[in-house]
Amino acid sequence: MVNHIKAIHQFNINQIAGKHDTRNISIDCEGKVILLTSTKKRRKYHHSIFYDAEWGVKKIIIPPSKEPFHYAQPLGENWLLVNANAKNDTTHNAFVYDENLNLISYFHMGDGIEDVQTTKDGDIWTSYFDEGVFGNSIGASGLLCFDKKGVKIFDFVRFVQTPSNNEIPFIDDCYALNVYSNQAVYLYYYSDFPLLAIHNMTDYELFNHEPLKKTPIVGSHAFSIWKDNILFGHGYNHKGQIHLYSFQNKKIQSYLPVTEENDIINYDYSVGRKYKLFLVCKDDIYLVDIRDVI
């Protein structure tokens, strides 16, 4: 029998954002939800950011653009908007807007972007799915980090090719990324499915445990982490469940998330950062904090 775990309702997307064509949900460096919506009108894309501020949800309307944005992240006092696709290696697909929503810089971040997460220091960690890794793009690295000006400061392939790091598998598709802090970044990736921690862009810990490669964890696209435990969203199988894995005893405990009224949450997908795992169920977002689970 699978145990139940309470998930706390955060908000209803439609009640906050109203009508829109597409949406993307991400998390900032403090663990707050960022909702990015897009609506196409007269050949231009109209984007809004809904951000969990101290006094409530703040709405930021981005000036209309000719291209869609798939990711939004704070970059100091500014906002970074990113298109996951780039036509070629000179196409600008990352755009930085200041507090007054003036476009102040833009640069190329590669094609086939899976996720974008920024740090307090302004580092931009970017992961890539298989089309980026196997395409004609800088995304072939699988994981890059840029500074706030768009200069590449970390390249995963070069990191792995360092003689002391040659036990690390290459990335075919970076399924899940968790930029925990300025110093610690975790990733889980195809095809070997290890859990890798990168510290200060120079050191690493490789957790190449067999349970990470098997059902029910294998194929997960999001996770949260706390001390010696990691909470995965569902993988290829066991849809709707979440799975707590212990690095110490290498055991898995599976849970069905439920509402505060004990109704099962058959969530569609999850988004994780730091110790928070957000579950998206149709138009509702729920939170499971791994610290409460353990």
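Right above here is the structure, for reference.
Right, let's walk through the structure included here. (Residues numbered from 1 in each chain as written. Predicted model: local features only at pLDDT ≥ 70, side-chain atom pairs only at ≥ 80, totals over all residues. Heavy atoms only, no water.)

Quick word on the nonpolar core
Consideration 1: Of all hydrophobic cores here, the largest spans 36 residues; its most connected members are Tyr188, Leu195 and Ile242.
Consideration 2: Once residues within four sequence positions are removed from consideration, Leu195 is found in contact with Tyr186, Leu187, Tyr188, Glu205, Leu206, Phe207, Leu212, Phe223, Ile230 and Phe247.
Consideration 3: Of all hydrophobic cores here, the second largest spans 18 residues; its members include Trp125, Phe156, Val185 and Leu196. (Core = buried A, V, L, I, M, F, W, Y, C linked by side-chain atoms within 4.5 Å. Buried < 20%, exposed > 50% of the residue type's maximum accessible area, 1.4 Å probe, protein only. Contact = heavy atoms within 4.5 Å.)

What to know about the sheet that holds strand E13 (residues 143-146)
Either a parallel or an antiparallel arrangement is found when strands of a sheet pair, and the pairing is made through backbone hydrogen bonds.
Consideration 1: Ordered by their spatial adjacency, four strands build an open sheet running E11-E12-E13-E14, and the pairing between neighbours is antiparallel. Strands with a single pairing partner mark the edges of an open sheet, and in this sheet they are strand E11 (113-118) and strand E14 (152-155). Across the sheet, the mean angle separating the axes of adjacent strands is 20° when strand polarity is ignored.
Consideration 2: Sheet topology places E11 next to strand E12 (residues 124-128); five bridges connect them, and they run antiparallel. When the bridges of E12 are listed, Gln117 appears paired with Trp125. (Pairing = 2+ DSSP bridges. Helix = DSSP H or I, 4+ residues; strand = E, 2+ residues; numbered from the N terminus. Axes fitted to C-alpha atoms, helices over the stretch in contact; angles between N-to-C directions.)

A look at the side chain of His243
Consideration 1: Here His243 is to be found in strand E21 (residues 242-246).
Consideration 2: Given a relative accessible area of 0%, His243 falls into the buried group.
Consideration 3: Of the polar contacts made by the side chain of His243, one reaches the side chain of Ser254; its length is 2.7 Å.
Consideration 4: Among all residues touching His243, those that are not within four sequence positions of it are Pro216, Ile217, Ile230, Leu231, Phe232, Gly233, His234, His238, Ile252, Gln253 and Ser254. (Polar contact = N/O pair within 3.5 Å; in protein donor to acceptor, adjacent residues only side chain to side chain.)

Quick look at the pattern of salt bridges
Consideration 1: Scanning all chains against the criterion turns up five salt bridges.
Consideration 2: For Asp155, the salt bridge is made with Lys152, and the minimal N-O distance between the two is 3.4 Å.
Consideration 3: Since its relative accessible area comes to 15%, Asp155 is described here as buried.
Consideration 4: Assessed through its relative accessible area of 37%, Lys152 is described here as partly exposed.
Consideration 5: Linking Asp192 and Lys213 is a salt bridge whose minimum nitrogen-to-oxygen distance equals 3.4 Å. In this pair, Asp192 is assigned in the loop between strand E16 (184-190) and strand E17 (195-199) and Lys213 in the loop between strand E18 (203-207) and strand E19 (223-226), connecting sequence segments 21 residues apart. (Salt bridge = Lys/Arg side-chain N within 4 Å of Asp/Glu carboxyl O.)

A short note on the sheet that holds strand E4 (residues 33-41)
Consideration 1: Read from one edge of the open sheet, four strands run E3-E4-E5-E6, paired in antiparallel fashion. The two strands at the open ends of the sheet, each matched to only one other strand, are strand E3 (22-27) and strand E6 (56-65). Each strand of the sheet is rotated relative to its neighbour by a mean of 20°, with strand direction disregarded.
Consideration 2: Strand direction decides the pairing type here: E3 and E4, joined by six bridges, are antiparallel. Its bridge partner being in E4, Thr22 is matched across the sheet by Ser38.

With respect to the pairing of E11
Consideration 1: For E11, a buried count of five out of six residues is recorded, marking the element as mostly surrounded by other parts of the structure.
Consideration 2: Remark: five residues form the turn of the hairpin made by E11 and E12, two consecutive strands paired antiparallel; Gly122 in that turn has positive phi of roughly 90°.

A look at the environment of Gly142
Consideration 1: Tracing the sequence through the fold places Gly142 in the loop between helix H2 (130-133) and E13.
Consideration 2: A residue is classified by how much of its surface remains accessible, and Gly142, at 0% relative accessible area, is buried.
Consideration 3: Through-space distance from the C-alpha of Gly142 to that of Ile171 is 5.4 Å; in sequence the pair is 29 residues apart.
Consideration 4: Setting aside residues up to four positions removed in sequence, Gly142 forms contacts with Thr126, Ser127, Tyr128, Val133, Ile171 and Cys174.

Digging into the side chain of Gln73
Consideration 1: Note that Gln73 resides in strand E7 (residues 71-75).
Consideration 2: A polar atom in the side chain of Gln73 sits 3.2 Å from the backbone oxygen of Ile27.
Consideration 3: Side chain to side chain, Gln73 and Arg273 meet in a polar contact 3.3 Å long.
Consideration 4: Non-local contacts of Gln73, meaning those with residues more than four positions away in its chain, are made with Ser26, Ile27, Asp28, Ile34, Asn78, Trp79, Leu80, Val116, Gln117, Thr118 and Arg273.

Examining the environment of His238
Consideration 1: Looking at the secondary structure, you find His238 in the loop between strand E20 (229-232) and E21.
Consideration 2: Separated by 23 residues in sequence, His238 and Thr215 have C-alpha atoms that sit 8.2 Å apart.
Consideration 3: Apart from residues lying up to four places away in sequence, His238 is in contact with Thr215, Pro216 and His243.

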